[in-house]
Amino acid sequence: MLLSVADNRDRMGKYSARKAAECLKAAIAAKGSARLIVATGSSQFEVLSHLVAEPGIDWSKVDGFHLDEYIGVAMDHPASFCGYLKQRFVDRVPLRSFHFLDGTQDAQTVVRVASEQIASGGVDLAMVGIGENSHLAFNDPPANFETEDPYIIVALDEACRMQQVGEGWFPSLDAVPKQAISMSIRQILKAEKIICSVPDERKAVAVRNSIQGHVTPQVPASILQRHPNVELVIDRAASKLLNDNTLSKANSV
Ligand code: GLP
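A.B. asks: I would appreciate a short explanation of the layout of surface pockets in the present structure.
C.D. replies: Over the atoms rolls a probe the size of a water molecule, and its path tells where empty space is left. What the largest pocket holds in volume is close to 210 Å³. Taken together, Met1, Leu2, Leu3, Ile211, Gln212, Gln225, Asn243, Asn245, Thr246, Lys249 and Ala250 make up the lining of the largest pocket. Taken together, the residues that form the lining of the largest pocket break down as 5 nonpolar, 5 polar and 1 charged.

A.B. asks: Where do I start with the sheet that holds strand E4 (residues 68-70) in this structure?
C.D. replies: Whether parallel or antiparallel, the strands of a sheet pair through hydrogen bonds between backbone atoms. Strand order in the open sheet made by the 3 strands is E4-E8-E7, with antiparallel pairing throughout. Every interior strand has two partners, whereas the edge strands, E4 and strand E7 (151-155), have only one. Strand-to-strand, the axes of this sheet are offset by a mean angle of 20°, without reference to chain direction. In this sheet, strand E8 (residues 179-183) lies alongside E4 in antiparallel orientation, the contact comprising 3 bridges. Across the sheet, residue Asp68 finds its bridge partner in E8, namely Ser182.

A.B. asks: I tried to follow the packing of aromatic side chains on my own but got confused; where do I start?
C.D. replies: The way to describe two aromatic rings as a pair is by their centre distance and the angle between their planes. All told, the structure shown has 11 aromatic pairs when counted by the stated rule. Judged by centre distance (5.0 Å) and plane angle (25°), the rings of Tyr70 and Phe81 are stacked. Of this pair, Tyr70 sits in strand E4 while Phe81 sits in helix H3 (residues 81-90), placing them 11 residues apart in sequence. The same class applies to Tyr70 and to Phe81, which are both buried. Among the aromatic residues, ring-to-ring pairing joins Phe45, Tyr70, Phe81, Tyr84, Phe138, Trp169 and Phe170 into one connected group. When the ring centre of Tyr84 is taken as reference, the NZ or CZ atom of Arg88 above it lies at 5.0 Å.

A.B. asks: Where do I start with empty space enclosed by the protein in this structure?
C.D. replies: Throughout the structure, instances matching the rule amount to 1 cavity of 30 Å³ or more. Lining the largest cavity are 19 residues, and of these Thr40, Gly41, Ser43, His135 and Gln163 lie nearest its centre. A class-by-class count of the residues in the lining of the largest cavity yields 7 nonpolar, 9 polar and 3 charged.

A.B. asks: Which parts of the structure should I look at to understand the nonpolar core?
C.D. replies: The nonpolar side chains of a soluble globular protein tend to be buried with one another. Core analysis: the biggest nonpolar cluster contains 46 residues, and Leu36, Leu51, Trp59, Tyr70 and Phe89 have the highest contact counts within it. Mapped by element, the contributors of at least two residues to this core are helix H1 (9-31), strand E2 (34-38), helix H2 (45-51), H3, strand E6 (125-128), E7 and helix H5 (158-166). Counting residues per element, this core draws most heavily on H1, at 9 residues. Not counting chain neighbours up to four residues away, the residues in contact with Tyr70 comprise Ala79, Phe81, Gly103, Phe138, Leu156, Gln164, Phe170, Val176, Pro177, Gln179 and Ala180. Core analysis: the second largest hydrophobic core is formed by 40 residues, Phe65, Leu136, Ile211 and Val230 among them.

Conventions used here
- Residues numbered from 1 in each chain as written.
- Predicted model: local features only at pLDDT ≥ 70, side-chain atom pairs only at ≥ 80, totals over all residues.
- Heavy atoms only, no water.
- 1 Å grid on protein atoms, 1.4 Å probe; cavity = no way out; pocket = protein on both sides within 12 Å on 5 of 7 lines; lining within 4 Å.
- Points joined across faces, edges and corners; volume = space filled by probe spheres on them.
- Nonpolar A, V, L, I, M, F, W, Y, C, P; charged D, E, K, R; others polar.
- Pairing = 2+ DSSP bridges.
- Helix = DSSP H or I, 4+ residues; strand = E, 2+ residues; numbered from the N terminus.
- Axes fitted to C-alpha atoms, helices over the stretch in contact; angles between N-to-C directions.
- Phe/Tyr/Trp six-rings, centres within 6.5 Å; stacked < 30°, edge-to-face > 60°.
- Buried < 20%, exposed > 50% of the residue type's maximum accessible area, 1.4 Å probe, protein only.
- Lys NZ or Arg CZ within 6 Å of the ring centre and 35° of its normal.
- Core = buried A, V, L, I, M, F, W, Y, C linked by side-chain atoms within 4.5 Å.
- Contact = heavy atoms within 4.5 Å.

The following block contains the structure:
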């Protein structure tokens, strides 16, 4: 795992976007097209705003896939990840296709269709974040590290639901759905490359446990240690609890 520490959130986003652009351009040059997974949440604000401004990506050769979505939240709700991705990414670049997860449709059907779509080819790049509870996508602890199903229906734990209230997406805990559709851990790990962008001091414990601790379903993002091509890009605040040994190997960006 390559660790990069940026001075602030904006530099984190810019660096992640530049690395993502390099990866997409290389895939298009090699094979004529690229398949990309995109995440949501506050951690991706700067990443996506810089990515849509990156020069030289032929977006008409890129197929996009949606990482996770609440069950029962409509596109016009402020917390909708469909709405988030449409506004911050899909409407801004001329993609060949984007495969949304519509959380208002029958969840089993959405899972089946999305699973067929993503399983129809490889994935060049997954852009993800890590939650306060160290979740990867909506795979809260204890995460299912075994299922081969590409998308699954998951229960959201209280820490995850509280994070969404804390970030202002929902007015109260009761308003946060208890279930979501998430890409599975094994499907995320199938990506050739993973760029994981994590800003903020409130993520410092999750970052430390994910990269300095054991690989365990109790720390879902710890599974990233098993992937051969991960770039973890964090800001200084999120790096606060890392030990000197880890920091001495980090790249400053
Ligand atoms: C969120 C989203 C994911 C994201 C992850 C971390 O809740 N469901 O798409 O990758 O969890 O993001 P953040 O902590 O910024 O919300």
